[in-house]
Structures are given as structure tokens and as C-alpha cells.
2 protein chains.
Amino acid sequence: MAQHNAFYAQSGGVTAVINASACGVIEACRQAPDQIGKVYAGHNGIIGALTEDLIDVTQESDDAIAALRHTPGGAFGSCRYKLKDIDTHRAQYERLIEVFKAHDIRYFFYNGGGDSADTCLKVSQLSEKLGYPLTAIHVPKTVDNDLPITDNSPGFGSVAKYIATSTREASLDIASMCATSTKVFVLEVMGRHAGWIAAAGGLAGDGPGEPPHLIVFPEIPFNRQAVMERVQQSVQQNGYCVIVVSEGARYEDGTFLADAGNTDAFGHRQLGGVAPTLAGMIKQDLGYKYHWAVADYLQRAARHLASKTDVEQAYAVGREAVTLALAGKNAMMPAIRRISQAPYQWDVISAPLSQVANQEKFMPRDFISENGFAITQTCRDYLSPLIQGEDFPPFENGLPKVAKLKLAKVERKLPVFTL
Amino acid sequence: MAQHNAFYAQSGGVTAVINASACGVIEACRQAPDQIGKVYAGHNGIIGALTEDLIDVTQESDDAIAALRHTPGGAFGSCRYKLKDIDTHRAQYERLIEVFKAHDIRYFFYNGGGDSADTCLKVSQLSEKLGYPLTAIHVPKTVDNDLPITDNSPGFGSVAKYIATSTREASLDIASMCATSTKVFVLEVMGRHAGWIAAAGGLAGDGPGEPPHLIVFPEIPFNRQAVMERVQQSVQQNGYCVIVVSEGARYEDGTFLADAGNTDAFGHRQLGGVAPTLAGMIKQDLGYKYHWAVADYLQRAARHLASKTDVEQAYAVGREAVTLALAGKNAMMPAIRRISQAPYQWDVISAPLSQVANQEKFMPRDFISENGFAITQTCRDYLSPLIQGEDFPPFENGLPKVAKLKLAKVERKLPVFTL
């Protein structure tokens, strides 16, 4: 088999473990020198391919690549940029072929979520529709856990562990303070359309009366009166109330509780501020003193508290992507399969990208309790294995050590291309 | 020496390591059985003493007490309640004597910050002014690091480590996203009057251009134009801007940027929401897409990321408090002394409570750079030792294990007392 080069890039919101997938891809490529020559990373996702903005990963030491496994964020830069349709924007695809030809790239690895899977699927058409011999593999990643087919999405388990841990820790704090001070604590978590991350907060406690006392899911229309009754009941029974609220919490008519009014490049509305909104309602309706926190990027960057299971899975899908590519499996995605629940066992299978792109996996209704305020045992059984194990990064001078890459740019061979 | 009982209680905002001090006090008491009989914990601070609401710590196993060392929050309940003056509220002091007499309490350990030190100092007057043989010792604790005399306050080092780590992690996230999405990230941290915690964010990076690019200190009057210039410059130079802002950020005239309008029992205004306020200003003035996070209780409850130095110091001041009490040193507080900077060495000395109560230690001006936006090397040299070392708690089922106490109440012997 002749040797050709590989392209790897990161897309969409990053996670605590997307670089662990990068590590898996790059290490697997390095172990297949007969088939794969150089690995080029796209600077800022697909934009790097379009603009011939390539990073020469070959120049990074094995140690630096290994350090990616414990480095949060996207080491090569990510992007929120969606490739347009091949029929209407053929020039973009022809440009990709130019760049890939110029650098002898025949393996394409795209690391992202649902929107990015769409981009990868589009790129995979280069071979079928335009005759360029490229194998495109999508490497799954999203804290939102909303990718279909795969049992869970790499990146989610670590956020889940962070949110469950933070909820438990903050609950101990407010439990200490509630006699004479704060009665309500509201933690806002990510999850625009699906309540997976909010549900993870439910792992913090496991007995009656244990926090969180209320989870506000995007799946359950927000009913102010019912929520207030629940809060009041919890304060009366437990002395305090801990609430985990999804940024995607919304009313029956679909209006978000907090809507910052901006939209991102994918057309999604930028959310944020539901915690203070909800805390304000509670103050207004019930008069309780409150504290609130918005974890935002902290939750998806918290590599210091990553789930070992998540790190291993992120790395494994990276490696498996290379296996699939070398087997010529175009337009596929490695996916996690849950073989058994207890003991938890998993392996990596593959899924056709056409069944992944632009699909969102929602929480099953039976993961949420009948009253809509808690998770069920079924949900707990699903979530719990994903947060198992710790994989602390090395620390230096009191802080997590992160990969320091050279990020040497590949010399451009083509004219400038404007997006 | 005759055997008498001890009282221990927690007061004010709790920390990730206040229970490590509790552990130190209780273990040291258990090791002095000739002098100290039972340890009673006040339920909810001084209120527990006034209302005879006592927890029988004797019933807790050694293992449970050892587990306090890695459990955040205040295990016995804290309070924001300030003892009134002895001359105007003599009845409260007489009640304390009644309770202490009824339970043979002659050692009083109060674990808190500046406001609580005032309460402890007042209690210490029982012996001088009312002739009850009590030795009152204050055990220092505050995330705000604003206690005088002690080189640093137990509780601060762990928040500092959490904020520095979170800033570093979130910075890697936004650095990945900035090419096509978020340009500005704002992290709001605690610290009402002093910028110690905000300063700790400055440890995240250590080279030119490294985040955070801007720290908004309460000590430096907020100048919107200067801040916007700094933000714009950072985005132009680095592609993004990471900001750590203190909840106490204020204008020249003392008005807080974000003022929730509520006051706590000590008369402090409840703050919160400066991150979204500042982010909104940036959007308005510069048009940058932003994300913001408010760490709130997460930062001071994050025992999972505690500084080993902090845990050791919190434990040490707890033990030293017992040593001071047994030596009859009324109205004293153990304090941390920095013996040398590099290598960092410290020991525990003692300070008269009269010099501690109601005093706030502010950041020296030379800890803040001339432009007011960063920390200096002097500040870095001071802060760095405090975040050294990790002391991860044991994990069980993917989550930090916390102490489970019986919290058995001591039988009441006295009539009800209304606060």
C-alpha cells in the first residue's frame, strides 16, 4: 500500500478530552508509517483545509503528542464553520481537492459533533462525487451527548463528572449556610436542546432529600408555579434547595428562560444567564436568599477532573478512526457500544456518517422522573459508568501541565483562497 | 489538670478546608484525654451555643473525623450571626455561661474569618469580664485571605488553585474557539473588598500574551474606557481575551459594577453578576462575542482540587488552637508565618485576637501592575507557594467521597433561649 498523508482537524465546541482523540489519531497514524506519511492538522478546523492553513504535526515530539491526552481545549484550533452544499458551492470542494492534492492528503479525520459530522459527510463526497481518492472519518465529540448511534459522546463523561462533583461540593457548602443565610443555590449547566448534562447533576446525591432537589430540564416545559412549589417544599424539608438548571430551560411555547439574543455561526441562539433569571424568580416569589453559579466553559474545559472512562473512550475513537481509514471505510464514524451495564463494558463499533450528521439524540422520557424534576434509576444506571475513574493530569508548580506544541505551519503551495 | 469539655463551631462563609481545621481540632482534643473530655460542636456556629443546640462529636468514629479532612463545606453548620456587645446584650453572655456550665465547657474554638473573630473575641471576655473560666481560641479561615497577621488564611490557597486552574483550562477552550466564534471570556470570582482571589487567576499564565489578559481588581477603580482598550488590544494581539473579574469590582465612587441589592446579616451587600455586566459592556462597546462564567460556591467548595499546602495549614491551625487552649492562651489565634519563600517554609505562630477581629488585610499596591490590570512578580512569589501540591480526596463511584457524620444531638438541660 502506498504512503499518503493525513489531515486531522477539530470542529465545534471543544471538550476536556477532544485532544485525547487527537492523541489517539496521531499516535495511530505514527504507528502506520507504511500507509500514512505525515499528519497535517487543520488550523481552525475545515477552515485550515480551505485556506491551506496547515500545521505540521510531524514536527511535534512523541512526548508532546502524549501530553495532548491530558490537555483540554482544541490544540489545533476549532471552528464553527459549516461547509455549504456541494451542488451550490462546488468551488469549496474543488479547493479542498487542490489542497489535498498539493499535500498528498488522502485521509481526512474530522473531530466534532453533529454539525461537524455534516461537514465530514460533505467532505466524504469528494471521492464519490468528484473522484478524489479520500477516506473521510468523523471522530465523535460533544459535551452535549446528543450524537446518535454511539452510546455516549466522548467529552460528555467528563462534563458529567464535573457537574456531579460540583453539585455535590456546592451542596455541602449551602447546607452549612442555610440556617442563617443562603437557602437556594442554582447551578446553570450547558445543554441547549437535551438535558444530558443537567441530568448528570442528579448523580450528586443518591438518597431521599439529597441534593440536587430540583433539575430543570429543557425537555420539560418550565412551569413557574410547579417549580416554586418544589423549591419551597425542599427548603421546608431540608432547610435549603439545590437546583441544577439547563441553559436550554424553556417555557411551553419554546421561549428560553434566558436568551442572550445572539446567534452563532450555525444559527443557534447564544444562551446564558438562566441561573440568575431563575434565582431572581425565586427571590421574587418566595423571598429566599440565593446564590447562583454559571459553569460555562469551566465545565467543558475541566480536564483536571476528567472521567477516566471518557478519556479512554476519546482516545479509543481516535485510534479506531485511523483503523477505519486504513480499511478504506469512507464516511464512517467510530461509535461507543455499551456491551454490559454492570460491570460496565464497552467497545468501539462503526456507524455510517449519513445516519449521524444533523441528528440529535434526546433524553428518553423515562430518564426523567414523572414530576419532571429528577432523574430516574434508569438514567442513573446509564450515566454512572460514564463518570467512573479519575485521570488527573500531571501538575507542575501547583497547576495542571498542558501540552506545549510547536504548531509549525506547513509551507503554502497554492494561491490564497477567500472563504 | 482536671478534665473539661470543649466547644467547636464554624462561622461565616465556609471553605473547601474548614473541615480540615475541624479535623485538626477534634483529633488534637482526642489526643489530650487528661484535659479534654468531650468535644461538642455548635450546630450553626455560635447559635448552637446560645440555643444549646450541641452535637456530640464523641459519637463520631475516628474514621469519620479523619474524613472531615477531605470534605468541603462546614460539617456542623455555619452561621452569619454576630454576637452583640457585652455591655448592651449581657443576657447573651450570661446564656453562654449557663450553657457552658451545664455542659462543663471550658474550651471554646471558633473557626471563621474577620467577623467571626470578633465573635470569638467577645466570647473570650467571659473569663475576664464575667469570671467564667473559659479559654477562647479563634481558628482562622476565609477564602478572602483578608485576615491580618497570618501570612495567608486557610481556605484561600484552595480557591486560588481552583481559580488559577480554571482560568488556565477555560483559556485553552476559548483559544481554540476564537478564530470563528467567542473572542472574550469573563470569569467572575469572589472577593468583596480585596482582590486576592482575582489575583490568583493571574497564576494561570506566566509568559507574555498568556491569559488572563486582564484582571479587574476591586482595588483599582473601574475605568470603562481603559478596560475596553485593553480588551481590544488583547483580541487584536492574541485573537482573544480572558478576563478575571472580582465580584467587588467598582467605580471610582465606590459603586459596585453589579449590585444585587441585598445585604447579608453582617450588613455586607450581596454581590453577583459582574461577569455578565462586564461581558455586556464589551459586546456593546466592541461587539465581540463573549462567554462568561460565575464560579460562586463552586470555587470555595472545590475540595477535589484543594491545595495540599492549604489542607496542611488548615489542619495545622486546628491542632495548634488546641495547644494554645491547653496552655490557657485566651483570646488568641494561630497564624501562619512564612519562614522562607524558596523553598517555601512555614510554621504556626499565635496572634492576639484583639489585633485580628474586624481588620481586613488588603492587597499591597505593589502586588498589582502599574496599569492595574495584572499581578506583579512580587504577587506571584507570594501566591505561588499557597497553591502547591494536590490532595485529591478519595473517590467512590466516580465522585469525591465525603464524611458522613451521625451528628447526634446532646440532650438539652436548659430552658429554651430565643435569639
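All values reported here derive from a predicted model rather than from experimental measurement. (Residues numbered from 1 in each chain as written. Chains lettered and ligands numbered in written order. Predicted model: local features only at pLDDT ≥ 70, side-chain atom pairs only at ≥ 80, totals over all residues. Heavy atoms only, no water.)

**Student:** Outline the environment of Ala357(A), supporting the account with residue identities and numerical values.
**Tutor:** All names here are of chain A. Tracing the sequence through the fold places Ala357 in the loop between β13 (345-352) and α12 (377-383). Its relative accessible area of 6% is what places Ala357 among the buried residues. Along the chain, Ala357 and Ser116 lie 241 residues apart, while their C-alpha atoms are 7.6 Å from each other. Here Ala357 is in contact with Gly114, Ala117, Asp118 and Leu121, once residues within four sequence places are set aside. (Helix = DSSP H or I, 4+ residues; strand = E, 2+ residues; numbered from the N terminus. Buried < 20%, exposed > 50% of the residue type's maximum accessible area, 1.4 Å probe, protein only. Contact = heavy atoms within 4.5 Å.)

**Student:** Break down the UniProt feature "active site" (unreviewed entry) in chain A for me, citing the residues and quoting the values.
**Tutor:** All names here are of chain A. Residues annotated by UniProt as "active site" (unreviewed entry) correspond here to Asp144. Relative to the assigned elements, Asp144 resides in the loop between β5 (135-140) and α6 (156-177). Leaving out residues up to four positions away in the same chain, Asp144 has contacts with Gly191, Trp196 and Ile197. (UniProt positions renumbered as here; feature names shortened; annotations may be inferred.)

**Student:** Before we move on, could you go through the nonpolar core and cite the residues and values that matter?
**Tutor:** Core analysis: the biggest nonpolar cluster contains 159 residues, and Phe76(A), Phe109(A), Phe76(B) and Phe109(B) have the highest contact counts within it. Val216(A), Ala275(A), Leu278(A) and Val235(B) belong to the second largest nonpolar core, which has 52 residues in total. (Core = buried A, V, L, I, M, F, W, Y, C linked by side-chain atoms within 4.5 Å.)

**Student:** Describe the UniProt feature "site: Important for catalytic activity and substrate specificity" (unreviewed entry) in chain A, naming the residues involved and giving the relevant values.
**Tutor:** According to UniProt, the "site: Important for catalytic activity and substrate specificity" (unreviewed entry) feature falls on Asp115(A). The topology assignment puts Asp115(A) in helix α5 (residues 114-130).

**Student:** Account for the relation of the copies chain A and chain B, with residues named and values stated.
**Tutor:** Mapping chain A onto chain B calls for a screw motion: a turn of 180° about the axis and a shift of 0.0 Å along it, with 0.0 Å RMSD after fitting. Accordingly, the operation relating the two chain copies is best matched by a two-fold axis. Judged by C-alpha distance, Val294(A) is the residue of chain A that lies nearest the rotation axis, at 2.5 Å. Here 100% of the interface residues in chain A have copies in chain B that are interface residues too; the copies meet face to matching face. (Least-squares fit on C-alpha atoms with pLDDT ≥ 70 in both.)

**Student:** Can you break down the pattern of salt bridges residue by residue, with the values?
**Tutor:** Residues and elements named next belong to chain A. Across all of its chains, the model carries 30 salt bridges over all chains by this definition. A salt bridge links Lys161 to Glu390; the shortest N-O distance between them is 2.7 Å. Taken as a pair, Lys161 in helix α6 and Glu390 in the loop between α12 and β14 (395-396) lie far apart in primary sequence, 229 residues in all. Classification of Lys161 by relative accessible area gives buried; the value is 0%. On the basis of relative accessible area, Glu390 is assigned to the partly exposed category, the value being 23%. Lys401 serves as the salt-bridge partner of Glu396, at 3.7 Å between the closest nitrogen and oxygen. The exposure class of Glu396 is partly exposed, given its relative accessible area of 48%. (Salt bridge = Lys/Arg side-chain N within 4 Å of Asp/Glu carboxyl O.)

**Student:** Break down unusual backbone geometry for me, citing the residues and quoting the values.
**Tutor:** Following Ala342(A), the chain continues into Pro343(A) via a peptide bond in cis, with omega recorded as 0°. Structurally, the position occupied by Pro343(A) is in the loop between β12 (332-340) and β13. The phi dihedral of Glu52(B) is positive, around 55°, even though this residue is not glycine. Phi at Asp296(B) takes a positive value of approximately 45°, unusual for a residue other than glycine. You can see Asp296(B) is positioned in the loop between β11 (290-294) and α10 (297-301). Looking at Asp296(B), the relative accessible area reads 11%, which means it is buried.

**Student:** An account of helix α11 (residues 308-326) of chain A is needed here, citing residue identities and associated values.
**Tutor:** Residues and elements named next belong to chain A. Helix length check: α11, at 19 residues, gives a terminal C-alpha distance of 28 Å against a target of 27 Å (1.5 Å per residue), a fit within 8%. Where α11 begins, the side chain of Ser307 points an oxygen toward the backbone nitrogen of Thr309, at a separation of 3.2 Å. In the stretch just after α11, Gly328 is the one whose phi turns positive, near 75°. (Expected span 1.5 Å × (residues − 1). Polar contact = N/O pair within 3.5 Å; in protein donor to acceptor, adjacent residues only side chain to side chain.)

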